[in-house]
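Each chain, letter by letter, is given below.
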Amino acid sequence: GSSPWVSPQEMVQEIHQVLMDREDTCHRTCFSLHLDGNVLDHFSELRSVEGLQEGSVLRVVEEPYTVREARIHVRHVRDLLKSLDPSDAFNGVDCNSLSFLSVFTDGDLGDSGKRKKGLEMDPIDCTPPEYILPGSRERPLCPLQPQNRDWKPLQCLKVLTMSGWNPPPGNRKMHGDLMYLFVITAEDRQVSITASTRGFYLNQSTAYHFNPKPASPRFLSHSLVELLNQISPTFKKNFAVLQKKRVQRHPFERIATPFQVYSWTAPQAEHAMDCVRAEDAYTSRLGYEEHIPGQTRDWNEELQTTRELPRKNLPERLLRERAIFKVHSDFTAAATRGAMAVIDGNVMAINPSEETKMQMFIWNNIFFSLGFDVRDHYKDFGGDVAAYVAPTNDLNGVRTYNAVDVEGLYTLGTVVVDYRGYRVTAQSIIPGILERDQEQSVIYGSIDFGKTVVSHPRYLELLERTSRPLKILRHQVLNDRDEEVELCSSVECKGIIGNDGRHYILDLLRTFPPDLNFLPVPGEELPEECARAGFPRAHRHKLCCLRQELVDAFVEHRYLLFMKLAALQLMQQNASQLETPSSLENGGPSSLESKSEDPPGQEAGSEEDGSSASGLAKVKELAETIAADDGTVADPRSREVIRNACKAVGSISSTAFDIRFNPDIFSPGVRFPESCQDEVRDQKQLLKDAAAFLLSCQIPGLVKDCMEHAVLPVDGATLAEVMRQRGINMRYLGKVLELVLRSPARHQLDHVFKIGIGELITRSAKHIFKTYLQGVELSGLSAAISHFLNCFLSSYPNPVAHLPADELVSKKRNKRRKNRPPGAADNTAWAVMTPQELWKNICQEAKNYFDFDLECETVDQAVETYGLQKITLLREISLKTGIQVLLKEYSFDSRHKPAFTEEDVLNIFPVVKHVNPKASDAFHFFQSGQAKVQQGFLKEGCELINEALNLFNNVYGAMHVETCACLRLLARLHYIMGDYAEALSNQQKAVLMSERVMGTEHPNTIQEYMHLALYCFASSQLSTALSLLYRARYLMLLVFGEDHPEMALLDNNIGLVLHGVMEYDLSLRFLENALAVSTKYHGPKALKVALSHHLVARVYESKAEFRSALQHEKEGYTIYKTQLGEDHEKTKESSEYLKCLTQQAVALQRTMNEIYRNGSSANIPPLKFTAPSMASVLEQLNVINGILFIPLSQKDLENLKAEVARRHQLQEASRNKDRAEEPMATEPAPAGAPEDLGSQPPAAKDPSPGVQG
């Protein structure tokens, strides 16, 4: 009777899935589909089924059970019973994660909302809780995870477990018994159930007595649910309600995420009996054997086969990317489980006789090794410290080679897991590598850091294809017999041909060139900028590399320089046609560096009224002809121009711009042949220039962007992301903070400084915590972690650690235990740590690692000196180390008792780093869509972005960070085009997805909440809009605190909505706070501040306090007049409003005088106090959120498009490097992609459609 809608590409098994999910058919799992009496094959596509057309009727036919099918059925019933239970999300299992949006919207977004809240002025309670109001000091933790009403699950059954009588004895097996279940119903009736091939029925067994005969009622049901409905009225009633609720939830609340997201807080949960969980824990179900024939998965084969799929056209590429992504997320999940099992001591080592540090493990076809320096491999590079960073460097290498995606070159599946203080690398296994010795296997590269080096023509050919995109120079090195060997990667990159005949590369830890600022080399001088900043500094290890983003930015910067130099010479040549052509004598490296000093924002394009722009265009043309040419360019002087420019910028070719790095320069133990000395010298200079570029361009550029609010970091993670996008490694954090401190507008960078200090403290604490945890055995974990947190955050002066009791009683057991945690004796050294000692170590670590002097000896001094919040520090340290704490109010500041007890530490999760495969086609569509929107073509932009959304869904499934950005932009476009309902539905998805994939209090989620509130307000859902804004403000307070430029925007939003519902006094509290924050961060003369004054004036007007209103509007008018001049429309609007206010004030005064003169008998015309119209409030909301609707005539549109096109050409000419921040905050776009239109600074984080005023 049900008719699901399906598309012809889907497989038959997808109809199965749909039926298992629908409310009316969800209790069936074991059935087949028949069409006209023929069974449909599970794995065939619908379009290949003969006779299937629109309106065909498929019959669902129940099939006999097998043990496997019976298990699947029981598991499915259990999943249905637990479908509203959030415990899996709190425990971080099966890719469940939390979402709280429905708590704040009461699920009434969209159509149902219109009916309920149609009337604009229903009285709504708008008063927020005390802790959300501006100026409040308390930062409670409990509201972070409000209790959802649906979570108190309706109890359907008390117990459903496997019976102790399993498996059935032989004689019963031959009667068709598959397994036995034990159930206690909600009415406390205990029953035993037989699962047989024909279905489920009650038997007469009890806990102690086995009797397989059917019991009464003698009811055989193919579905366990129907049987339970028969025997328990409560089950019948509650199960129906539960399914109704389950189906009503938004699908995005229950779809699994591609990678596990962990929550750092959780409420106290009851631990309930759960048959399936118990069974999973003990039948070591590796991957998912019961779903996949042939037991364990061959990860390497899956990862490599998906790479080999064809990719000639869009459908093929989508299929390939989807497969790659799916295998990667499965592999990451399996690797994470395995790594935890290894550290928890549940996996046997493959070399059990060696000491624990050296052990290696294989589990589920994945190879695990620990981050310790085994056999002095990294002796010259910093020992254990180097062995700890090598895996992440290697992972970055894998990520990069995967992104270049050269056919025929294979990398290993790699996941790096930090858990309980240990770093575990999980890798897929090259076929045959375990059987042979490494020396025989390696046919390219070196296994001893450059003493013996071998090369291989096929590898050179494959790596040659990566050398241009990765900017790696093909070079010669000497081996131990002084022979020259040619390589196209660093020496430790090894090539191994597996038994499957594939060419693998591994150990990619030095894919990128070394960072000379942290690698002192005797006899080498660094450029002056570096020396000034106190570099080079010795780091803990010698594996410091520059980030790929930095290499790209440096090359881009050099390209601009190259174009400028050549243009300059061409112009000189044209000017001096009569004289001898001047070569670039004056442009030696010294003057060149001084040229590159000005931050790359004021590049060519603004100079000499565009003549240089045409000059650049000429150079580009010239450069292209020369590069393409075989040496027959007519004009030798033009060749000379290019050659000089190439030489000046350090290009490896003299006929074209081409910068590449030799990753082996300054590698200890690598020697270069005599013949290459010049090349080596140039390469050394290039590396020094890159190190100087980071200090003289990238870090100042970052600080400038923060000053201008082009980027708005809100917490440690967003700050790190902004740094990494500019290629600045985290070890430069101290330098960034020093620059912020020295900045002339220091107070406008307050928020960045605060976040930076918090990040510095928590990162230093994390380094200490890592070694601290390695000494703790499993039974002491919660005691040790709570003790550490007390020393770190509690004001209590002398917390005492509680040692686990059993350790004090029996000393005998502990003597001879083999599987101890790696690298640790059973010790209790952690118990003696004191807060003073920990903070001393944190300050030392900050100095040693980040070269920054912290001025604090206790947590309270840190909070006092730097204006930090303890709750924020707790969030940051928990996210970095994987700690999960109990959701409750902690009294951090009590001096009488420690803030944390053992019971407050609920769990410790792994912190996982992995490769993120990309949906390239979808991303290109997304970028083109953004570009179209920025040019003002909304309709076309919308279509492209819709297409991108489809492709993202196709590759990533429904949940992904990039899909989230896509939905947000779509919502914004629909809003601008006036389709509020569509905007709401897309933005609701964006919020849910951001909560589920990025975290419920991630800064991105806060942003999404704000957008959603705006669209709710526009759809007249006022109370919902307010509760969303209050939620956003609470999260902002928890994650950062009050004093942040983003808070001004939030408070303006809240103030406007409150003004709209006539809560004037409350509205003023928020608007005046916003005014104060704006004035601080944008300076008292900024246009944003003028707008803020105007908003405050409007509320005073509504309150009829005209004097205050006039005062604020005058301030705003003055700003407009000085910034924009008398004739600007803003200035005129403001002066009109001033007149209007003055008239109202005069009228009011007259009335008052009348009253004073004539007493109460005065004949007073009623005063007109205007409640603001919703339209006017909405208009202001749009303005502050950077959304402009522009009513344009056709002619204006033409002019605008022409203007945009002209600007676009100018930008193309100057290839402006200082891109506005990408809205997809994942990776920088490929340099110079034609869609890149990033010159307009985005409104807040995302480029606002419409033209920026």
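Per-chain numbering applies: the sequence of each chain, read as written, is numbered from 1 onward. Two thresholds apply to this predicted model, a pLDDT of at least 70 for residue-level local features and 80 or more for giving and counting side-chain atom pairs, whereas whole-chain, interface and lining totals are computed over all residues. Neither water nor hydrogens contribute to the side-chain values; these are computed over all heavy atoms in the structure.

*Asks:* Looking at this model, I keep getting lost on the overall build of the chain. Mind explaining?
*Replies:* The helix count covers DSSP runs of H or I at least four residues long, the strand count covers runs of E at least two residues long, and both are numbered beginning at the N terminus. Looking only at helices and strands, the chain features 42 helices and 21 strands. Across the chain, contacts joining residues at least 24 apart in sequence account for 71% of those joining residues at least 6 apart. Whether two residues touch is decided by their heavy atoms; if any such pair falls within 4.5 Å, the residues are in contact.

*Asks:* Got a minute to help me understand helix 41 (residues 1174-1184) in this structure?
*Replies:* Side chains three or four residues apart in an α-helix point the same way, a direct result of the helix having 3.6 residues per turn. Buried residues of helix 41: Met-1174, Val-1177, Leu-1178, Gln-1180, Leu-1181, Asn-1182 and Ile-1184, and no others. Here the buried face of helix 41 lies against helix 32 (961-976), helix 33 (980-998), helix 34 (1003-1018), helix 35 (1022-1039), helix 36 (1045-1060) and helix 38 (1087-1102). Positive phi appears at Gly-1186, one or two residues downstream of helix 41, with a value of about 75°. The classification of residues rests on relative accessible area computed with a 1.4 Å probe and restricted to protein chains. Under 20% of the type maximum is buried, over 50% is exposed, and intermediate values are partly exposed.

*Asks:* Which parts of the structure should I look at to understand the sheet that holds strand 10 (residues 366-370)?
*Replies:* Hydrogen bonds between backbone atoms are what pair the strands of a sheet, whose relative direction is either parallel or antiparallel. Reading across the sheet, the 5 strands line up as 9-10-13-12-21 and stay open at both edges, with antiparallel pairing between neighbours. On the outer flanks of this sheet lie strand 9 (360-363) and strand 21 (911-914), each paired with one strand and no other. Across the sheet, the mean angle separating the axes of adjacent strands is 20° when strand polarity is ignored. With 4 bridges connecting them, strand 12 (residues 414-419) and strand 21 associate as antiparallel partners. Its bridge partner being in strand 21, Asp-418 is matched across the sheet by Val-911. Together, strand 9, strand 10, strand 12, strand 13 (422-428) and strand 21 form the strand contacts of helix 12 (residues 314-343), whose direction differs from that of strand 12 by roughly 40°. Where helix 13 (residues 383-404) meets the sheet, its contacts fall on strand 12, strand 13 and strand 21, and the angle it forms with strand 12 comes to roughly 145°. A strand pair is defined by DSSP finding two or more bridges across the two strands. Between N-to-C directions, angles cover 0 to 180 degrees, with each direction set by a line fitted to C-alpha atoms, over the stretch in contact for helices.

*Asks:* Help me understand the nonpolar core, please; the structure alone is not making it clear to me.
*Replies:* Side-chain atoms within 4.5 Å are what join buried Ala, Val, Leu, Ile, Met, Phe, Trp, Tyr and Cys residues into a set we call a nonpolar core. Counting 276 residues, the largest nonpolar core has Phe-792 and Leu-854 as the members making the most contacts within it. Examining the composition of this core, we find that 14 residues originate from one element, helix 21 (residues 677-707), more than from any other. Ignoring sequence-local partners within four residues, the contact set of Leu-854 consists of Ile-757, Leu-760, Ile-761, Ile-842, Cys-843, Ala-846 and Tyr-866. Formed by 30 residues, the second largest nonpolar core is a distinct cluster that contains Leu-157, Ala-215, Phe-239 and Leu-242.

*Asks:* Teacher, can you tell me more about empty space enclosed by the protein here?
*Replies:* A probe matching the size of a water molecule, rolled over the atoms, marks out where space remains unfilled. Cavity means a closed set of points on a 1 Å grid over the protein atoms alone, one where a 1.4 Å probe fits but cannot get out, pocket means an open set with protein on both sides within 12 Å along at least 5 of 7 lines, and lining means a residue has an atom within 4 Å of a point. Grid points are joined across faces, edges and corners, and a volume is the space filled by probe spheres set on the points. One pass over the structure, following the stated rule, counts 14 cavities of 30 Å³ or more. Computed from the structure, the second largest cavity encloses a volume of approximately 150 Å³. Every residue lining the second largest cavity is counted, 15 residues in all, and those nearest its centre are Lys-754, Ile-755, Gly-758, Leu-868 and Thr-872. Here the element with the most residues in the lining of the second largest cavity is helix 24 (residues 750-774); it accounts for 4 residues. In the lining of the second largest cavity, the residues fall into 6 nonpolar, 5 polar and 4 charged. The residue classification treats Ala, Val, Leu, Ile, Met, Phe, Trp, Tyr, Cys and Pro as nonpolar and Asp, Glu, Lys and Arg as charged. All others, Gly included, are polar.

*Asks:* In this structure, what is going on with the sheet that holds strand 19 (residues 883-886)? I would like to understand it.
*Replies:* Here 3 strands make up an open sheet; going across it, the order is 8-19-20 and the pairing mixed. Two strands in the sheet have a free side with no partner beyond their single neighbour: strand 8 (265-266) and strand 20 (905-908). Where strand 8 lies against strand 19, 2 bridges are found, and the strand directions are parallel. Note that in strand 19 the partner of Thr-265 across the bridge is Val-885.

*Asks:* Got a minute to help me understand helix 15 (residues 457-470) in this structure?
*Replies:* Under the 1.5 Å per step criterion, the end-to-end length of helix 15 is 19 Å for 14 residues, consistent within 8% with the ideal 20 Å. The sharpest bend along helix 15 reaches about 30° and sits at Glu-464. Every buried residue of helix 15 is listed here: Tyr-459, Leu-460, Leu-462, Leu-463, Thr-466, Ser-467 and Leu-470. One or two positions beyond helix 15, positive phi appears at Lys-471, with a value near 55°. To estimate the expected span of a helix, count its residues, drop one, and scale the result by 1.5 Å. Fitting axes to the seven residues that end at a residue and to the seven that start at it, the angle between those axes gives the bend at that residue.

*Asks:* In this structure, what is going on with the pairing of strand 12? I would like to understand it.
*Replies:* The two faces of a sheet get side chains in turn, since along a regular strand they alternate between them. Burial analysis of strand 12 places 6 of its 6 residues in the buried class, the great majority of the element. Here strand 12 shows two buried faces, one formed by Thr-414, Val-416 and Asp-418 and the other by Val-415, Val-417 and Tyr-419. Across 6 bridges, strand 12 lies against strand 13 in antiparallel orientation. Within strand 13, the residue paired with Asp-418 across the bridge is Arg-423.

*Asks:* Any chance you could explain the pairing of strand 5 (residues 177-185) here in plain terms?
*Replies:* In terms of burial, strand 5 is largely enclosed, as 8 of its 9 residues are buried. Looking at chain direction, strand 4 (residues 157-162) and strand 5 are connected through 5 bridges and run antiparallel. Looking at strand 5, one finds that Leu-157 is bridged to Thr-185. With 7 bridges joining them, strand 5 and strand 6 (residues 190-196) adopt antiparallel strand pairing. Bridged to Asp-177 within strand 6 is Ser-196. Between the antiparallel neighbours strand 5 and strand 6 lie 4 residues, among them Asp-188 with a positive phi of about 70°.

*Asks:* What is the right way to read the environment of Leu-478 from this model?
*Replies:* As for its position among the elements, Leu-478 is in strand 15 (residues 475-478). Residues Leu-478 and Val-453, 25 residues apart in the sequence, show an inter-C-alpha distance of 7.7 Å. Aside from chain neighbours lying at most four places away, what touches Leu-478 is Gly-450, Val-453, Glu-483, Glu-484, Arg-671, Phe-672 and Pro-673.

*Asks:* How should I be thinking about the packing of helix 25 (residues 781-793) against helix 27 (residues 835-850) in this particular structure?
*Replies:* Relative orientation and spacing of two packed helices are given, respectively, by the angle between their axes and the distance between those axes. The contact between helix 25 and helix 27 brings their axes to 8 Å, and the two run at 70°. Considered as vectors, helix 25 and helix 27 are oriented roughly perpendicular to each other. Here helix 25 contributes Phe-788, Cys-791 and Phe-792 to the contact with helix 27, which in turn contributes Pro-835, Leu-838, Trp-839 and Ile-842. Considering only residue class, the contact of helix 25 with helix 27 consists of 7 nonpolar, no polar and no charged. Any angle from 65 to 115 degrees is called roughly perpendicular, while one under 35 is roughly parallel, one over 145 is roughly antiparallel, and all others are oblique.

*Asks:* What am I meant to see in the packing of aromatic side chains here?
*Replies:* Within a pair of aromatic rings, the relevant descriptors are the distance that separates the centres and the angle that separates the planes. The rule is short: rings of Phe, Tyr and Trp, with Trp giving its six-membered ring, pair when the centres are within 6.5 Å, and they are stacked under 30 degrees, edge-to-face over 60, tilted in between. Within the structure shown, the criterion is met by 36 aromatic pairs. A ring pair is formed by Tyr-131 and Tyr-1034, whose centres lie 5.7 Å apart and whose planes are at 70°; its orientation type is edge-to-face. Within this pair, whereas Tyr-131 is found in the loop between helix 5 (111-116) and strand 4, its partner Tyr-1034 is found in helix 35, the two being separated by 903 residues in sequence. A single burial state applies to Tyr-131 and to Tyr-1034, both of which are buried.

*Asks:* For this particular structure, what's the right way to read a nonpolar patch on the surface?
*Replies:* Each patch groups residues whose relative accessible area exceeds 30% and which form no salt bridge, using 9 Å between like charges and 5 Å between nonpolar side chains of Val, Leu, Ile, Met, Phe, Trp and Tyr. Where accessible areas are quoted, they stem from the Shrake-Rupley method and a 1.4 Å probe; at the residue level, only the protein chains shown are allowed to cover. Salt bridges are counted wherever a side-chain nitrogen of Lys or Arg sits within 4 Å of a carboxyl oxygen of Asp or Glu. A cluster of nonpolar side chains, namely Met-1152, Ile-1155 and Tyr-1156, defines an oily patch on the protein surface of about 320 Å² accessible area. Position of Tyr-1156 among the secondary structure elements: in helix 40 (residues 1129-1158). Residue Tyr-1156 is classed as exposed on the basis of its relative accessible area of 66%.

*Asks:* Looking at this model, I keep getting lost on the environment of Thr-1118. Mind explaining?
*Replies:* Looking at the secondary structure, you find Thr-1118 in helix 39 (residues 1106-1124). Taking relative accessible area as the criterion, Thr-1118 reaches 45% and is therefore assigned partly exposed. Through-space distance from the C-alpha of Thr-1118 to that of Ser-1134 is 9.4 Å; in sequence the pair is 16 residues apart.

*Asks:* Teacher, can you tell me more about the packing of helix 32 against helix 33 here?
*Replies:* Close contact between helix 32 and helix 33 brings their axes to 8 Å; oriented N to C, the two are set at 160°. One finds that helix 32 runs roughly antiparallel with respect to helix 33. Crossing of helix 32 over helix 33 shows left-handed handedness. Each of Val-961, Thr-963, Cys-964, Leu-967, Arg-968, Leu-970, Ala-971, His-974 and Tyr-975 in helix 32 lies in contact with helix 33, whose residues at this interface are Tyr-980, Glu-982, Ala-983, Asn-986, Gln-987, Lys-989, Ala-990, Met-993, Ser-994, Val-997 and Met-998. Grouping the amino acids of the contact of helix 32 with helix 33 by side-chain chemistry returns 12 nonpolar, 5 polar and 3 charged. Here a crossing is taken to be left-handed if its near helix is turned anticlockwise relative to the far helix by less than a right angle, and right-handed if that turn runs clockwise.

*Asks:* Help me understand unusual backbone geometry, please; the structure alone is not making it clear to me.
*Replies:* Outside of glycine, negative phi angles account for most residues, and trans bonds account for most peptide bonds. Cis geometry marks the peptide bond from Asn-166 to Pro-167; its omega dihedral reads -15°. Mapped onto the elements of the fold, Pro-167 is located in the loop between strand 4 and helix 6 (170-173). Residues Phe-535 and Pro-536 are joined by a peptide bond in cis, for which omega reads 0°. With respect to the helices and strands, the residue Pro-536 is situated in the loop between helix 16 (528-532) and helix 17 (548-575).

*Asks:* Teacher, can you tell me more about the confidence of the model for the chain here?
*Replies:* Regions with low pLDDT carry predicted coordinates that are not meant to be interpreted in detail. Each residue gets a pLDDT score, which is the predictor's confidence in that residue and runs from 0 to 100. For the chain, mean pLDDT is 84; residues scoring 70 or higher make up 83% of the total. Every residue in residues 283-294 is under pLDDT 50, and counting partners more than four places away or in other chains gives 18 contacts. Across residues 807-819, where pLDDT falls below 50, the model places 13 contacts with residues more than four positions away in sequence or in other chains.

*Asks:* Would you take a moment to explain the environment of Ala-720 for this structure?
*Replies:* Mapping Ala-720 onto the fold places it in helix 22 (residues 716-725). Spatially, the C-alpha atom of Ala-720 lies 8.9 Å from that of Leu-733, the residues being 13 residues apart in sequence. Those residues in contact with Ala-720 that sit more than four places away from it in its chain are Met-730, Glu-759 and Arg-763.

*Asks:* What is the right way to look at the side chain of Ser-651 in this model?
*Replies:* As for its placement among the helices and strands, Ser-651 is situated in the loop between helix 20 (636-649) and helix 21. Note on Ser-651: relative accessible area 14%, which makes it buried. From its side chain, Ser-651 meets the backbone oxygen of Ser-653 in a polar contact 2.9 Å long. Sequence-distant contacts of Ser-651, that is, excluding residues within four places in its chain, are made with Cys-646, Ala-656, Phe-657, Asp-658 and Ile-659. We define a polar contact as two N or O atoms separated by no more than 3.5 Å, with the added condition that, inside protein, one atom must be a possible hydrogen donor and the other a possible acceptor, whereas residues neighbouring each other in sequence contribute only through side-chain atom pairs.

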